[in-house]
Amino acid sequence: MPLDSPSLIVGNWKMYKTREEALDYINELAEKVKGTSNEVVLAVPFTILYSAAKAAKKTPQIKISAQNMNDAKEGAFTGEIAAKMLTDAGARYVILGHSERRRYFGETNEFINHKVKRALKEGLIPILCIGESKEENESGKREEVLRAEILEGLADVHLKDGKELILAYEPIWAIGTGVHAGGKEAEEAHSFIREVLKEKFGDEIASHIKILYGGSVNPGNTKELLTGKNVNGLLVGGSSLDVNTFDHIINFNKQVNE
Ligand code: 13P
């Protein structure tokens, strides 16, 4: 994305923060976003969704996301959360298919596909995560893995204009490791993802689907990563937990120009 166009910066808090910590963070963030045209989304734990969405209401630039959901409309599924409960709590987005869910909770492309369809039906914007492992990367299988995750994850998905879906390229080897994909490598993967989306949805719709990069994003590599023309934003884990560090990411162009 050209550096002067607004990007979508998503903070994925994973299984961190209490409600009080979240509210302090959002109040501070509300001041910090005044300096940027970038859009900001916080993907918070379920227990924080409602209060976070309420606190963020007065700052239209900050939106709230969930980190997971069940594919069923409702039913006897103890411990699960339905899409309409997320919208009811104030979420606009939901992260689906994160590699931690695929790896630790056995989520398959098929199951993730059911969730994507349910989220779209209920008016949530899915942030569908895809990405190859270290072994797959080293054996030259990146494109094969990405293609399967996109086409299987989006089977029978029909889009109105492309703005109702977001993809996130998160190479597994880059998540929480401190090793990020270089700007050139990220753009190469994103441009491949865009081509697969064009095959599936046509050029016009594919051009409106935002593709985020995730994996060891920090204030020092933000500019490099956002230089790629198919990199429309970032999905930030560890560096989103501290509001000042996250501020350096969302306001990176301000600091660059200063
Ligand atoms: P890190 O930024 O901690 O590498 O995590 C990335 C991630 O998994 C975001 O969803």
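Residues numbered from 1 in each chain as written. Predicted model: local features only at pLDDT ≥ 70, side-chain atom pairs only at ≥ 80, totals over all residues. Heavy atoms only, no water.

### As for the packing of aromatic side chains
Alright, step 1. Applying the stated rule across the entire model yields two aromatic pairs.
Alright, step 2. Ring plane angle 70° and centroid distance 4.8 Å describe the contact between Trp 13 and Tyr 25, whose orientation is recorded as edge-to-face. Placement of Trp 13 in the loop between strand S1 (8-12) and helix H1 (19-32) and of Tyr 25 in helix H1 is noted, with a sequence separation of twelve residues between them. Residue Trp 13 shares its accessibility class with Tyr 25, and that shared class is buried.
Alright, step 3. In this arrangement the basic side chain of Arg 101 is found over the ring face of Phe 105, its NZ or CZ atom lying 4.2 Å from the centre. (Phe/Tyr/Trp six-rings, centres within 6.5 Å; stacked < 30°, edge-to-face > 60°. Helix = DSSP H or I, 4+ residues; strand = E, 2+ residues; numbered from the N terminus. Buried < 20%, exposed > 50% of the residue type's maximum accessible area, 1.4 Å probe, protein only. Lys NZ or Arg CZ within 6 Å of the ring centre and 35° of its normal.)

### A short note on the site of the ligand
Alright, step 1. Around the ligand sit Asn 12, Lys 14, His 98, Glu 170, Ala 174, Ile 175, Gly 176, Gly 215, Ser 216, Leu 235, Gly 237 and Gly 238, and that is every residue in its neighbourhood.
Alright, step 2. Between an oxygen atom of the ligand and a side-chain N or O atom of His 98, the distance comes to 2.8 Å.
Alright, step 3. Side-chain polar atom of Glu 170 to an oxygen atom of the ligand: 2.9 Å apart, as the coordinates give it.
Alright, step 4. Protein chains shield 94% of the accessible area of the ligand, which is 310 Å² for the free molecule.
Alright, step 5. Of the residues belonging to the shell around the ligand, the class tally is three nonpolar, seven polar and two charged. (Near = heavy atom within 4 Å. Polar contact = N/O pair within 3.5 Å; in protein donor to acceptor, adjacent residues only side chain to side chain. Areas by Shrake-Rupley, 256 points an atom, 1.4 Å probe, with all protein chains shown as cover. Nonpolar A, V, L, I, M, F, W, Y, C, P; charged D, E, K, R; others polar.)

### What about the UniProt feature "binding site: substrate" (unreviewed entry) in the chain?
Alright, step 1. When the UniProt feature table is mapped to this numbering, "binding site: substrate" (unreviewed entry) covers Asn 12, Trp 13, Lys 14, Gly 176, Ser 216, Gly 237 and Gly 238. Look at the named residues: they lie 227 residues apart in sequence, but the longest C-alpha span between them is just 14.0 Å, so in the fold they bunch up.
Alright, step 2. With respect to the helices and strands, the residue Lys 14 is situated in the loop between S1 and H1.
Alright, step 3. Excluding residues that lie within four positions of it along the chain, Lys 14 makes contacts with Ala 43, Pro 45, Gln 67, His 98, Glu 100, Ile 175 and Gly 237.
Alright, step 4. On the secondary structure map, Ser 216 appears in the loop between strand S7 (210-214) and helix H10 (222-226).
Alright, step 5. Among the residues examined, Ser 216 registers a relative accessible area of 17% and is labelled buried.
Alright, step 6. With residues up to four places along the chain from it excluded, the contact list for Ser 216 reads Ala 174, Gly 176, Thr 177, Gly 178, Val 179, His 180 and Asn 221. (UniProt positions renumbered as here; feature names shortened; annotations may be inferred. Contact = heavy atoms within 4.5 Å.)

### So, the pattern of salt bridges
Alright, step 1. One pass over the full model with this rule turns up 13 salt bridges.
Alright, step 2. Put simply, Lys 84 and Glu 74 hold a salt bridge, and the shortest N to O gap is 3.2 Å. Of this pair, Lys 84 sits in helix H3 (residues 83-89) while Glu 74 sits in the loop between strand S3 (62-66) and H3, and the two are ten residues apart along the sequence.
Alright, step 3. Judged by its relative accessible area of 52%, Glu 74 is exposed.
Alright, step 4. Among the salt bridges present, the one from Asp 156 reaches Lys 117, with a minimum N-O distance of 3.8 Å. Pair noted here: Asp 156 is in the loop between helix H7 (142-153) and strand S6 (166-169) and Lys 117 is in helix H5 (residues 109-121), with a separation of 39 residues, a long-range link.
Alright, step 5. One network of salt bridges, in which partners are shared, links Arg 101, Glu 107 and Lys 115. (Salt bridge = Lys/Arg side-chain N within 4 Å of Asp/Glu carboxyl O.)

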